[in-house]
Each structure stands twice: as structure tokens, then as C-alpha cells.
Amino acid sequence: MTSDLIHELQQAGIDVRTDPATRTIYSTDASIYQIEPLGVAFPRTLDQLSALVELAGDCNIPIIARGAGSGLAGQAVGAGLIVDCSRYLNRILALRADAGDRGGVATVQPGLVLSRLNQAAAELGLQVGPDPASDNRATLGGCIANNASGSHSIVYGMFADHLEELEVILSDGSMATLAEIPLAKAERIASGKSRLAQIYAAALTIRQEQADTIRANWPQTWRCAAGYNLNYLLPWSPSAPLHWKWDYPPVAADSINLAPLVAGSEGTLAIIRKATVRLVPKPKHTILAVLAFESNAQACDVTPDILEHHPSAVELIPRVLLQLARDVPAYARKLDFIPGGKNNLPGALLVVEFSGDDPEHLLSKARQLRADALIAESPAAQKRVWDVRKAGLGILQSHPGDQRTQTFIEDLSVPVERLGEYVGAVEKIAAGHNTKAYFYAHASAGCLHTRPLINLKTQQGVEQMEAIASAATDLVIDMGGSTSGEHGDGLARSQWLKKLYGDEVVTSFIALKEAADPQGILNPGKIVDPLPMNHNLRYGANYQARGWQSSLSFERQGGLDGAIEICNGSGDCRQSDGVMCPSFQATQEEIYATRGRANLLRAFISGTSSPTDTHIDEQAVFRSLDLCLACKGCKSECPSAVDMAKLKYAFLEHFYQSHRRKLRDYVFGYFHHFAQIGSWLRPLANTFLQNKTLWAIFAKMFGLAPQRMLPEFRVAGSPNDSEGLTTERGCVSGVGEQVSGERVSGSPNASEGLMTERLCLLLSDPFTQHFHPETLDAALRVLSAVGYRAEILPVVGAGRTLISKGFLAAAKKHARKLIAAIVELDPEGQLPIIGIEPSEIYTLSDEYPDFFPHDEGVTNIAQRAWMLDEFLVRDDRLEPWKANHQSNNLPNTILLHGHCYQKARPPAADGYPVGVDATVTMLEAVGYQVEVVDAGCCGMAGAFGYEAEHYELSMQVGEMALFPAVRGADEDVIVAASGVSCQSQIEDGADRVAVHPIILLESRTPVRW
């Protein structure tokens, strides 16, 4: 029957994939579970989505609707056909603001990412009320199916409270529109024989016969995502008591609305075609107060008192989350909101938000909380706080080892007045099972995200999980809480619903499910008729991993296996901004996201992709990693710090031990040798490179993109060193002009007029040395101006190209030569090591410690390796430029594109700026006005963009943000980029010359100071 369905779907023009790689990638989500699907479908139109459901019903094949796969309970995995709407069905169909200040309405397709809707709604002063932490990748369909809420639930409630109308596909393929209708109309519909009639009949029966039972057994906390939302069926009157604290009460006594039933149903009752969602006014002002406490329990105990001040959010951030965030570069630089500083961490923080129209009133309320509260007023400061809080799950998963913080009771919710008591009780439960539990929480709603530390690769760990889950469930029920406050039931918690609600309520769940889905094809095993929570674990007692040996050490990641397994599946790599996963951003293919690659690697090292034993071979992994641009964005931006670039290097080394390389790999890998030869034969080589016919033959022979042209070989002082800087492309007007005094001339190492002269080591690289020697000359003059004589290291480059192509043994050998040269020139190990090409100088700090772990000399080298701009912004070295700037009017504007490796830099321990921030600081100090391009990877990524099969993707990545920004810049704006690859990509894709920032600095270098 499966093959019949696949054939029918393909005949209908639906993109359906059943290859092992795709099934492996979609066998997991962000939970602890793994089930291999039969295949994955990507409907392009709403009609295809309807046809898909109808055909699946005819063939009796289960279908599992999936958004971003960011669910934590296993809702989006199953042994059926996965339906992924995020690829194509992701449009806003209608968006309007209501008159006055009453909000608005949006109609969207189910695959639309929530943050995209919020971006569009913000232009009207609106937003979606619920704000789950995964909003930058979670789809609207997923948010509704999970009944998502978020940090502001005390103001806005859950998604069920914001549904104007749902257009859904029922299990027989028929369509229905669900909205609030009069009770009499519902009774007429229920008298029919359609699938919709059966659903209305079941709902009306539950409403009429089970109302008292539901009220008696429903959790005493209003925030509940466990089971079906039967409470929304109950009639409401103004005299009835309300637990709800937002503007949308349950349905009126003479009406009924089935849309809230679909919310939180996890795709088990219907498939969403369109959703019309109410929007709320975006707060005009917000203020955050950050309060420090000695413990989580203490912070939770004061939360009820804080709620008396009417905040819009109260969030708990534990000490352990802050500790781990310091090790993730993208989050470490955001930790300026901690009272006492990030080196003096409290036991816990409460983040309290106030929102409204009067900023002074909000500020006054924030200050009333506590005298020592740290206040975040600016949007940028507040965003840093929220970014760390929203990344809590991934950050807590970022420490290496088989013992991980597991997600199976992470969503228990209790009345807020009992939250502190609950924390202490759960800590005792964990201690009683020889482990500890980590927390972070929506404290305002009594929803505590609990992560016990457990090794699920052992039978003892699995039993530990079951015992803790059972005890914690009993505890939360005794306290009047819910087994799920927002993350749903899925595979993790459905088994506890009978204990939570009792037999009668669960019988109503079953009746509703049977009416909506008598064949049981809609996401079976969730909510109704579940398997025990210990089935289908991603890691279990039988899991075994067998990685390979690499020239790079993975000790810091808990071994190579650990480096792969640290991916928890949260899907942060599916974000639509930032650096991480440019190939996913461009293609929207899960196989090219960090999570997809990690899934394939894990299947490869464990020998299977799931319990069904589908083998993932080397070729499948290679195809996925082939489009990894090794930008290191994941290392910086992934909350779990997955380093896919490093894994790619290690895999290529392993792969090519048994596979033949392309000839071009040797050309690019050993580029430093070939570039030297080309430089020796410069006139001949340049003639060859500029001859289009010869270049076309060469490109075809080596698999290069004929659209590209390699730059000409140049040497320092050659006549064309400055050509192109003032061409009709018009991007560098004024560069190279005399600014004040007399420019340094003669030897680049001239130190004329300097009071003292110190020594530093300068790492050249093959790209700068042979193609852009003017940048090297500028660097030498700049260093001379600040009193440094630069000794150029005799070994060219750090071996970056060898690493990128997986020649790790050769790269390690090259590293030994460079290290020896450094030691010979600096036996005391005290001189700064300066570079001007990010990919080369950062190799000393990124890869060298992994080539030579526990080598103190290498560690020392890594700690004193700097980009030149990073070196200059320290210790007042820019003072001569600042003085010169103060006496001159130098208004040139720069559009700066940062190299990916610069964006991935961790913050410096001494607090000085690094990476792109250092470049900006340097340029602004000498009078430039700098705008940083809001773009991720340029798309060139070294050799990647030169390779024929990668050219189109390379240009597609550039077109996402970089090229439009450069094309849109005025002609008198200087375009700058530190990376040679970035400069080439900008010239090829945007027809503008990009200059190295050191050239711009050197153009304003005074001689005497």
C-alpha cells in the first residue's frame, strides 16, 4: 500500500521522497525519540495538501504533519508519511489592522514561520500574542497544533485563545471551516453523516454530558497543553469563575467553537490548511528588570509577590544556564545583563518585564521591585536578555558527555503560588535517583522546564527516566498542576493523561478521536492509545556508536561521537537570519541544516538510521556535507555549539581514505604551493588567466565555474597595486590619498620618528601575498606607525586550505613547520602574532589546539594570535589616528561585510572587541562612519564558490542579503571586507570592489605622533 500511495502522490505532482537520507533526517525532532517514517512529502499547493490527506486515507497510511520539528515531546515523528509544509506552504494570505487599538487579523498557510508573520505585522503595530522561544523557526501550523504560548502567556494566553478561524482537512480528505457558530447551527451539522458531522456530534455530547466531570478534573493551573482542549467546549457566562487572565474568554453559552480543539491536538484530529489568527497591539514600550537570587527556589518563592506589580512576563534563568552560555560565543557576548557581572554568577535570575504606553511609569515599576535590580531599557539590551533565555534548551544541552539534560518532564506546570515548593520537591526526586535536575521557567505561569541529567544509553538511565517521570507526575497532580504547560504530550507524556484526568475525561478524548479519525491515520499514538514513554528512544540501552579516528582531537567535545551527538535537534539552525547554515537558508532543505547533517552523521556512526536498520553510507553523508560552507556559524550560533565545520574536515579526511579525490582538491588544498609557482611565473600565469579560451579549458578540466575568473598574480610595488580603487565601480574614492603629514615611504618596516620599536610576528597568507600584496604592505606600515617592527613569518599561511579540503595530516605537518618558525623567532613565546586574513590567523586559535591538544606552547600561540584590527583596538594603539581624526573632517562612509570566522569569534576575556566589532571600532576611531551589512556568509567560502557544481548556490547565498545591500549602497560609500574570498564574491556578484579595512586605516595613518 505504501508504494501505491507514493505512486499516486507522485502522479499528482507532489514532491515525495523515500530515500534513506531523507527518512533518517525526518526520523527525529527536538525530542529524545526516533522513528523512521515511510517517506516525506512536500506539498506545493493547498490542493496538493488536501489530495495528499485523501490519498493517505484511501491507502490507510498514517500521516504526520510537521512544522519545524522543534517539538520536545516527539509529536513530529512517526511510522507514517511525514508532511512538511514549511518548504512551500509558507505565505501570508491576508493581513489587516482593525480600527482603533483593537489589534488585527492574519490569514496564513501552515508552514509560515512565526517570526516572519511578526515582522510583517510589526509594520502595522501588531504582533502575535503567544511567543514561543522557537519563534524564529516554528511554523504557525506547528504552533497551533502544539497550542504554543511563551513568556508573555500571563498577558496573551495560548494559541487556542487567538484563533479566529481554521480551515482544515479532515481524515477522509474533506475540508471544513472551524469557527465560533451558534449552537443551533452546530446541532444541524451534527445531524448529518459527514466526517464533520461526526465531530460535531461528539463535541456536543461531551459538552452536554461531561461538563461537570471536565470542570472537576481539570488542572487548577490555567496554562495546560495536556490532552484535548475540552474545557473550551464548555459554556461560559459572566458569573462563572475564570482562571484565564487574558482578553479572550471561552465560548459563550449559546455558541460552540471547534477551532480550539485543533489547537494542542498535535495533528491527531485534523490537518490545518489555513489559519486566521487574531493579532494584538504591539506594546509601545517595554522595560526589563533583572533580579539576582541565591537559588532557583528562592526566585520562585517571590514570583507571586512580583505578579502583584502586574508585569507582562516573569522568567527564571538558572545559574547553570548562564555558566554554559559563557562557552557559546553568540551568547557569551550577550551576558552583560547579570547583576555583578558574568564572572560573579548568582544562583538564579528573574527577568521581569513591564510593558505599556508610558516608559517613565514602566521604569518606575521596575525600580520598585528591588533597589539592586539591573534595568535594561534599550531594545538592544532587552534583546540580549531574551536571546539567552530563549536559547535555554540548547544551551543546557551544550555540555559534552553521555549524561545529558533530558526532555521528558520539562513541561510540568503548577499553580504559581506553589512553584517554589515544586522546585524543592523535584530536586529531592532527582537526588533520590542519584542525579540532579536543571531548571528554567516561565515563572509567571508556574511552568517549569525541568531537565534531569541522565545517560539514556544505559538501561539504568532509561529506568531512571521512567521513575523520575512517574514521581514528578504524581507530584504535579497532587499540586493541582498539569503534565504539560505548553509543549504537549507526544510520545513523552501521553501515557500520563489517564492519571492526570481520570478515566471519564480520557474516554471523552477517545470519543473525539474516533469521531475525527476512525481509521487512526492522523499522527497515531499521540494523546490517544500511546506507547509507553520508554519506546522508540533516539538513544537507548542498545545504542552503540563507532566513530573513526581523526587527526583533529575531539576531546573537548567528548570525542568525535560526542561532537555529533551533542546536536539535540532543537532546529535553531533552521533560522532565517544570522550566519548559521547558509546552504539551508538558500535551499530550505533540511539535509543542509546543521541538524540534518548531524542526524546523518549519527546514523552513520551508529550503523543505522533507526530501529528499522536502514543503513546510511558514506556517500549520503558526503552529499550532505558537500554543501556545507564551513562558515563556523553553527559553532557560534547553535546553542549546543555543534561544530559542523570541524566535523566536515574530519569526515573528508576519513572519506578520502577509501575514495578518489578530484584533481582540483590538490590544487586548492595545496594552494600555497601552486600560488608560489604562479607568482614565479607571473607574466605567463596572468596571460593564461586572462585568456578566456584558455581559462574555459582549464575550468572544465578542473571542474571550476567558468563564470569566475581567478585574480591576477601581483607583487608588492607593482604598478597595478592600487588600480581599481577609483574605477567606475566607485566604491573606494579617496583611499590612498594623503591625510596629514608625510606618508611612510621606502621600506615597509620603516620606523622613522618612532620613540620606541617593539617586535611582532606577522602571518602572511597565500591569498594576500600573491594576489593582494598592497594589503600586506599596508599592514606593515600601520604596525610601524604604532611602534612595531613586523617580522614576517617565513612559512606562508596556517594551512587553512589543507584543512578545508580534509588534508588533515598534511595540514598538521604544515602546522608543525609554522609553529617551529614561530618558536625560532620568539623562543620566549611573548610576541603578538598578527594576521590580516581571518581564515588563516584564526586557524591558530581554532584548529591548532585540536591538532596538538595539551601542548602548552600551541595554547600559548593560540592566545596571542590576533587579526590586526583586534590588536590595534587594545592598549590605546589607535591614539595617533584618534588625534589625527580630531583635527580633520573625514566623513567617509563604509559598508562593511564581516568574514564568517570573524562573526564566530568568542568574546575576549579582557573585554576588548574582537571579530567584526574590532573592525568597526578601529574604523570608527579614525573617523569613518561604518554600517555593517546585515548578512551571513557571502557564499564564496574559499574554494567553494569557484567549484562548478557549487557556483549557483554560492551566488544564491550572496543574493539573500549581501549583494542587494552592496548594490543599494551609494557610489561614494566604500565597501570593505577582510576576507579575500568575500572581496572576490562581492566583485563577482555585486560588481563593486571591496577593500580590506587595513587599506582604509593605512590611508589615514600619520607618520609622527
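Because the structure is a prediction, the values reported are computed rather than measured. (Residues numbered from 1 in each chain as written. Predicted model: local features only at pLDDT ≥ 70, side-chain atom pairs only at ≥ 80, totals over all residues. Heavy atoms only, no water.)

Colleague: Explanation requested: the overall build of the chain in the structure shown.
Modeller: When helices and strands are counted, the chain shows 46 helices and 26 strands. Relative to the compact-globule value of 30 Å for 1009 residues, the chain shows a C-alpha radius of gyration of 30 Å, a close match. Overall, the C-alpha framework of the chain stretches about 95 × 65 × 60 Å when taken along its three principal axes. Burial statistics for the chain: of 1009 residues in total, 63% are counted as buried. Contacts spanning at least 24 positions in sequence make up 76% of the contacts within the chain whose residues lie at least 6 apart. Entry remark: accessible area of the chain is about 37200 Å², with carbon and sulfur atoms responsible for 49%. The chain carries 88 positive and 116 negative side-chain charges, and their two centres are separated by 3 Å. (Helix = DSSP H or I, 4+ residues; strand = E, 2+ residues; numbered from the N terminus. Rg over C-alpha atoms; globule rule 2.2 N^0.38 Å. Buried < 20%, exposed > 50% of the residue type's maximum accessible area, 1.4 Å probe, protein only. Contact = heavy atoms within 4.5 Å. Areas by Shrake-Rupley, 256 points an atom, 1.4 Å probe, with all protein chains shown as cover. Lys, Arg positive; Asp, Glu negative; His and termini not counted. Charge placed at Lys NZ, Arg CZ, Asp CG, Glu CD.)

Colleague: How do you make sense of the environment of Ala630 when you look at a structure like this?
Modeller: Looking at the element boundaries, Ala630 is found in the loop between helix H25 (618-626) and helix H26 (633-637). In this structure, the C-alpha to C-alpha distance between Ala630 and Pro379, residues 251 residues apart in sequence, is 32 Å. The residues touching Ala630, leaving out its near neighbours within four places in the chain, are Ala645, Tyr649 and Tyr901.

Colleague: Would you mind going over the state of the cysteines with me for this structure?
Modeller: A covalent bond bridging the sulfur atoms of two cysteines is what the word disulfide describes. Within the structure shown, the criterion is met by 0 disulfides. Unpaired in this structure, Cys143 has its nearest cysteine sulfur neighbour in Cys85, at a distance of 14 Å. Looking at the unpaired Cys567, the closest cysteine sulfur is the one in Cys573, lying at 6.3 Å. Judged by relative accessible area, which is 7%, Cys567 ranks as buried. (Disulfide = S-S within 2.5 Å.)

Colleague: In this structure, what is going on with the side chain of Glu565? I would like to understand it.
Modeller: In this structure, Glu565 sits in helix H22 (residues 559-565). Overall, the relative accessible area of 3% leaves Glu565 in the buried class. A polar side-chain atom of Glu565 sits 2.8 Å from a polar atom in the side chain of Tyr543. Apart from the residues within four sequence positions on either side, Glu565 is in contact with Asp402, Arg404, Lys457, Tyr539, Tyr543, Ala545, Arg602 and Ile605. (Polar contact = N/O pair within 3.5 Å; in protein donor to acceptor, adjacent residues only side chain to side chain.)

Colleague: Just to check I follow, could you spell out the sheet that holds strand E25 (residues 929-932) for this structure?
Modeller: Two orientations exist for strands paired in a sheet by backbone hydrogen bonds: parallel and antiparallel. Spatially, E25-E24-E26 is the arrangement adopted by the 3 strands of the open sheet, whose pairing is parallel. Because the sheet does not close on itself, it has two edges, and the strands there are E25 and strand E26 (974-977). In this sheet, adjacent strand axes meet at a mean angle of 30 degrees when their direction is disregarded. Both strand E24 (residues 893-897) and E25 contribute to a ladder of 4 bridges, which runs parallel. In the strand pairing of E25, Ile894 is matched with Val930. Of the strands in this sheet, E24 and E25 are in contact with helix H42 (residues 915-925), which crosses E25 at around 160 degrees. Packed on one face of the sheet, helix H45 (residues 980-990) meets E24 and E26 and runs near 140 degrees to E26. (Pairing = 2+ DSSP bridges. Axes fitted to C-alpha atoms, helices over the stretch in contact; angles between N-to-C directions.)

Read these as spatial facts, not as claims about activity.
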